[in-house]
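The residues making up each chain are set out below.
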Amino acid sequence: MRHLIDSVDLTTAEVDVIINRALDIINNKEMYSEACHGKKLATLFYEPSTRTRLSFTAAMMELGGNVLGFSDAKSSSVSKGETVADTIRVVSSFADIIAMRHYKEGSPRVASEFSRIPIINAGDGGHAHPTQTLTDLLTIRRELGHFDHLTIGLCGDLKYGRTVHSLIKAMKRYEGVHFVLISPKELRLPDYMKHELGDNYSEYATIEEAMPLLDVLYMTRVQQERFDDPAEYERLKDAFILDTEKMALGKPDMIVLHPLPRVNEITVDVDKDPRAAYFRQVENGKYVRMALIYTLLSWHDQEPSHKVDTFITDQICNNDRCIVTTEPVEKKAYTDADGVLRCYYCDHAL
Ligand code: CP
């Protein structure tokens, strides 16, 4: 059984399998219309979503399968205090595969430890969003044809933007990829993520300076729901806005991506620019999730390709958004390549 909790749970060869299957689905939709006949996907969404939940639902329907689940934890027994672990044990009896979104970082990892069926992380707090990354990769492949030697600008909320964190982990594995970070200093990429980048990044204070360098500009929303202080959100929310004047500074063959939803960080007149690929990106999300569901259901006897050596620790994770602060799970840690002790669930340094 294989889960998808983090984007590095898939090797680059396995990413290729999923991307190529998504391309095959796009070209041969009718061939896959009964591919998951008789199978059930449970969508457990503890946090709001439009694209991810509906694209998972559409994906399973187009594979001939069925969907059950909840889109609001308040309508489930979570509101009575049921843990993630118990919910997952129960849902494992009703479905064949689970897509789960949770506001607590590391929740899908906890779920995978109690599940008898594959768990897909559909976004956990500010931590990771690996199926958005597969969507981004399929879009880059369809728009630009390759992953190597790209300069990727990441703009906006790099602190809480889980899509950015997962994309970095996936893209840094390709040759010659350089990242350009553009954010207010309060929303800079966390240290544990900068550590992932080694020397392969530079930081710019404005979109205008970075724009001429970029093959991909990945815009993100400032994540209002992750701020403790509303005044801080108000101060930062308009820090970086992409408009047609800034687009004029970009290469003719660059693309603009955005995981969406957009608030105001891309003005609507940019939508008309053929380089604005974010609505094409949304459609790719359905096809890549079809490919992922189909592939994970067929990998039932395959060992995970990415294993982390963990050990039990009595050190409490000091990330107050981590699942270990609310769920009674064993505290687990691992040591990264630089000898830093990290929480197994949310990757923060202990
Ligand atoms: N990109 C994304 O995760 O969108 P939703 O929050 O609408 O699912």
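The following paragraphs examine the structure supplied in this document. (Residues numbered from 1 in each chain as written. Predicted model: local features only at pLDDT ≥ 70, side-chain atom pairs only at ≥ 80, totals over all residues. Heavy atoms only, no water.)

Side note on unusual backbone geometry
For residues that are not glycine, phi is negative in most cases, and the peptide bond is trans in most cases. A cis amide bond, omega 5 degrees, links Leu-260 with the succeeding residue Pro-261. Structurally, the position occupied by Pro-261 is in the loop between strand 9 (255–257) and helix 11 (278–298). The phi dihedral of Leu-260 falls on the positive side, at around 60 degrees, and the residue is not glycine. When its relative accessible area of 11% is taken as the criterion, Leu-260 is described as buried. The phi angle at Asp-347 is positive, at roughly 70 degrees, despite the residue not being glycine. (Helix = DSSP H or I, 4+ residues; strand = E, 2+ residues; numbered from the N terminus. Buried < 20%, exposed > 50% of the residue type's maximum accessible area, 1.4 Å probe, protein only.)

What about the pattern of salt bridges?
For the coordinates displayed, the defined rule picks out 19 salt bridges. Note that Arg-321 and Glu-105 form a salt bridge whose closest N and O atoms lie 2.9 Å from each other. Of this pair, Arg-321 sits in the loop between strand 10 (311–312) and strand 11 (332–335) while Glu-105 sits in the loop between strand 3 (97–102) and helix 4 (107–114), and the two are 216 residues apart along the sequence. Under the relative-accessibility criterion, Arg-321 is labelled partly exposed at 23%. Looking at Glu-105, the relative accessible area reads 1%, which means it is buried. The partner of Asp-347 in a salt bridge is Lys-169, with the nearest N and O atoms 3.5 Å apart. Here Asp-347, found in the segment after strand 12 (341–343), pairs with Lys-169, found in helix 6 (residues 162–171); they are 178 residues apart in sequence, far enough to count as distant. One salt-bridge network, in which partners are shared between bridges, spans Asp-6, Lys-169 and Asp-347. (Salt bridge = Lys/Arg side-chain N within 4 Å of Asp/Glu carboxyl O.)

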